[in-house]
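Letter by letter, the chains look like this.
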Amino acid sequence: MANAYGFFTPSVQSVRGKINPSIGVYGSGFCSSKGMTARVLCTSSVEGVEKLGSGSESRVPRFVSKGCKLVGCGSAVPSLKVSNDDLAKLVETNDEWISTRTGIRNRRVISGEDSLTGLAAEAARKALEMAEVHPDDVDLVLLCTSTPEDLFGSAPQIPKALGCKKNPLAFDITAACSGFILGLVSGSSYIRGSGFKNVLVIGADALSRYVDWTDRGTCILFGDAAGAVLLQACDIEDDGLFGFDLHSDGDGQRHLHATMKQQVLDDAAASNGAASGFPPNCPSYSCIKMSGNEVFRFAVRAVPQSIEFALQNAGLTGSSIDWLLLHQANQRILDAVANRLEVPLERVISNLANYGNTSAASIPLALDEAVRSGQVKPGHTIATAGFGAGLTWGSAIIRWG
């Protein structure tokens, strides 16, 4: 199992007194702001989950010179809405059964002229418009998706759709429902360590293409959507990504996966003298397979712990956050995590009822709706976490605006 965790300084003036040196505020990495010096550390390590937070991890200091902040967001969903009543026509289920177990009542599904890249580009365009940033000023596009429309990645299609003339770097990040959190941390690293100024982080998935619509255990859960944020370089005292915590555990793959399946060669190919197993037939991916009870137990155990580590790395406490924004997988998971963290339900952002589980899109989609409705305001601190297939999970403490 691999994991990484660290912190980036939030406002030096507002947080410096809260940071505990035992968290790892030491080493050779320094950044200076207004005559004050803050030591900033990012770490990575490989260890068992039982050792997390034990203090035995390896620490590798790195110089951090810039901050980054979230200055724009956007989202897009397909036009086709599929209700629980619609699903009841396909499988043995009903609205009450689905809503009481998951909190989901509707989901959006790609159809007709909709495309994943089209939704991603629309979400990105809205984020740029909110931030008042021209597409040509974008330095990097990170498309967090597990369902690209091209085997080699769909990210380069986004700057093309946006009309970018300067050919910014664009590539995919595949980490299922944790993808957007990984995109945030990756994007911030390009800003802090490589001098990038504007980074688009997009979460977009079309899991409906990999759902077995005869399996009521999974078909009721998933929908399609895209959400995006613009990360922008700023002075370190205005930093908006305070801390993070990232993990993976390949042993958990058996609980949630959509693995590649190789079709058996036909007799004609095997009888023409070709080597055994050659030429191979075109592979395909199986439908999503999930052990719901195991995923639930994993999420309610791992996610609160991850958020607590991210808060520690940021030098903050649970009382410092204004909102809890989790991957929108299941309302029971959201409620259980909030309960373990002692976060009141009125401070938990949820739009699960309208969209279902949209994988990497769920966090930026919910954030965009909360910002545009006035629920999340500039300066609010948000604890956010993604979790899902891989298994992967991670959290980040961010400030909006």
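Comments concerning the overall build of the protein chain
In terms of helices and strands, the protein chain carries 12 helices and 19 strands. Evaluated residue by residue, the protein chain yields a buried proportion of 53% over its 401 residues. Long-range contacts, defined as pairs at least 24 residues apart, comprise 77% of the intrachain contacts of the protein chain with a sequence gap of at least 6. Only carbon and sulfur atoms are counted for the fraction: they give 50% of the accessible area of the protein chain, which is about 17,200 Å².

So, the layout of surface pockets
Approximately 660 Å³ is the volume found for the largest pocket. Forming the boundary of the largest pocket are 23 residues, of which Ser146, Thr147, Thr174, Ala258 and Tyr285 lie nearest the centre. A per-class count over the lining of the largest pocket returns 13 nonpolar, nine polar and one charged. Taken as a whole, the second largest pocket holds about 540 Å³ of empty space.

Re the environment of Lys261
Take Lys261: it is sitting in strand β14 (residues 260-261). Taking the C-alpha atoms as reference points, Lys261 and Ser286, separated by 25 residues in sequence, lie 6.4 Å from one another.

A closer look at the sheet that holds strand β11 (residues 224-234)
Ordered in space as β5-β11-β10-β8-β9, the five strands form an open sheet in which the pairing is mixed. In this open sheet, the two edge strands, each paired with only one partner strand, are β5 (67-76) and β9 (169-173). With direction set aside, neighbouring strand axes in the sheet form an average angle of 20 degrees. Its contacts with the sheet put helix α6 (residues 179-194) on β5, β8 (140-144), β9, β10 (198-206) and β11, and the angle it makes with β11 is roughly 20 degrees.

Focus: the nonpolar core
Among the nonpolar cores identified, the biggest contains 43 residues, and Val303, Ile307, Leu324, Leu326 and Phe387 are the most heavily contacted of them. Among the secondary structure elements, those contributing two or more residues to this core are α9 (292-314), β17 (323-326), α10 (331-341), β18 (381-388) and β19 (392-399). Filtering out sequence-adjacent residues up to four positions away, Ile307 remains in contact with Leu324, Leu326, Leu341, Ala383, Ala385, Ser395 and Ile397. Counting residues in each nonpolar core, the second largest holds 34 residues, with Leu70, Val376, Ala396 and Trp400 among its members.

Looking at helix α3 (residues 95-102)
Each α-helix turn comprises 3.6 residues. Residues three or four places apart therefore point the same way. Those residues of α3 lying buried are Ile98, Ser99 and Thr102. Buried residues in α3, looked at end-on, bunch into an arc of 95 degrees, giving them a common side. If you follow the buried residues of α3, they end up packed against α2 (84-87), β7 (106-109), α10 and α11 (352-355). Sitting at the amino-terminal end of α3 is Asn94, which places a side-chain oxygen 3.1 Å from the backbone nitrogen of Glu96. Remark: Gly103 follows α3 within two positions and exhibits a positive phi of approximately 85 degrees.

Re the pattern of salt bridges
One pass over the full model with this rule turns up seven salt bridges. Between Glu122 and Lys126 there is a salt bridge whose closest N-O contact spans 3.3 Å. Here Glu122 pairs with Lys126, and both are found in helix α4 (residues 116-131), just four residues apart, close to one helical turn. With a relative accessible area of 32%, Glu122 lands in the partly exposed category. The residue Arg372 makes a salt bridge to Asp368 at a minimum N-O spacing of 2.6 Å. Taken together, the residues span about one helical turn, with Arg372 and Asp368 both in helix α12 (residues 362-372) at a distance of four residues.

Examining α9
For α9, with 23 residues, the first-to-last C-alpha span of 32 Å sits near the 33 Å given by 1.5 Å per residue. One or two steps after α9, the chain reaches Gly315, where phi turns positive at roughly 75 degrees.

Side note on the packing of α9 against α10
As a packed pair, α9 and α10 sit with axes 9 Å apart at the nearest point and diverge in direction by 40 degrees. By the angle class used here, α9 and α10 are oblique. Crossing of α9 against α10: the hand is right-handed. For the pair formed by α9 and α10, the contact residues are Phe296, Ala299, Val300, Arg301, Val303, Pro304, Ile307 and Glu308 on the first element and Arg332, Ile333, Ala336, Val337, Arg340 and Leu341 on the second. Here the residues of the contact of α9 with α10 sort into 10 nonpolar, no polar and four charged.

Side note on the pairing of β8
Counting buried residues in β8 gives five out of five residues, a clear majority hidden from the surface. Of the two faces of β8, the one carrying Leu140, Leu142 and Cys144 and the one carrying Val141 and Leu143 are both buried. As paired elements, β8 and β9 share five bridges and run parallel to each other. The residue of β9 that forms the bridge with Leu140 is Leu169. Both β8 and β10 contribute to a ladder of five bridges, which runs parallel. Bridge pairing in β10 places Val141 opposite Leu200.

Observations regarding the confidence of the model for the protein chain
For the protein chain, per-residue confidence averages 85 on the pLDDT scale, and 81% of positions sit at 70 or higher. Between residues 7-63, whose pLDDT stays under 50, and residues either more than four places distant or in other chains, the model counts 127 contacts.

Notes on the packing of aromatic side chains
Evaluated as defined, the whole model comprises three aromatic pairs. On the numbers, 6.3 Å between centres and 55 degrees between planes, the contact of Phe171 with Tyr190 is tilted. Note that Phe171 is positioned in strand β9 and Tyr190 in helix α6, a separation of 19 residues in sequence. Of the residues examined, Phe171 reaches a relative accessible area of 28% and is grouped as partly exposed. Residues Tyr190 and Phe196 carry aromatic rings whose centres are separated by 5.2 Å and whose planes lie at 55 degrees to one another, so their mutual orientation is tilted. Here Tyr190 falls in the partly exposed class, since its relative accessible area comes to 25%.

Calculation criteria
- Residues numbered from 1 in each chain as written.
- Predicted model: local features only at pLDDT ≥ 70, side-chain atom pairs only at ≥ 80, totals over all residues.
- Heavy atoms only, no water.
- Helix = DSSP H or I, 4+ residues; strand = E, 2+ residues; numbered from the N terminus.
- Buried < 20%, exposed > 50% of the residue type's maximum accessible area, 1.4 Å probe, protein only.
- Contact = heavy atoms within 4.5 Å.
- Areas by Shrake-Rupley, 256 points an atom, 1.4 Å probe, with all protein chains shown as cover.
- 1 Å grid on protein atoms, 1.4 Å probe; cavity = no way out; pocket = protein on both sides within 12 Å on 5 of 7 lines; lining within 4 Å.
- Points joined across faces, edges and corners; volume = space filled by probe spheres on them.
- Nonpolar A, V, L, I, M, F, W, Y, C, P; charged D, E, K, R; others polar.
- Pairing = 2+ DSSP bridges.
- Axes fitted to C-alpha atoms, helices over the stretch in contact; angles between N-to-C directions.
- Core = buried A, V, L, I, M, F, W, Y, C linked by side-chain atoms within 4.5 Å.
- Arc of directions from axis to C-beta.
- Polar contact = N/O pair within 3.5 Å; in protein donor to acceptor, adjacent residues only side chain to side chain.
- Salt bridge = Lys/Arg side-chain N within 4 Å of Asp/Glu carboxyl O.
- Expected span 1.5 Å × (residues − 1).
- Parallel < 35°, antiparallel > 145°, perpendicular 65-115°, else oblique.
- Left-handed = near helix turned anticlockwise from the far one by under 90°.
- pLDDT = per-residue confidence, 0-100.
- Phe/Tyr/Trp six-rings, centres within 6.5 Å; stacked < 30°, edge-to-face > 60°.

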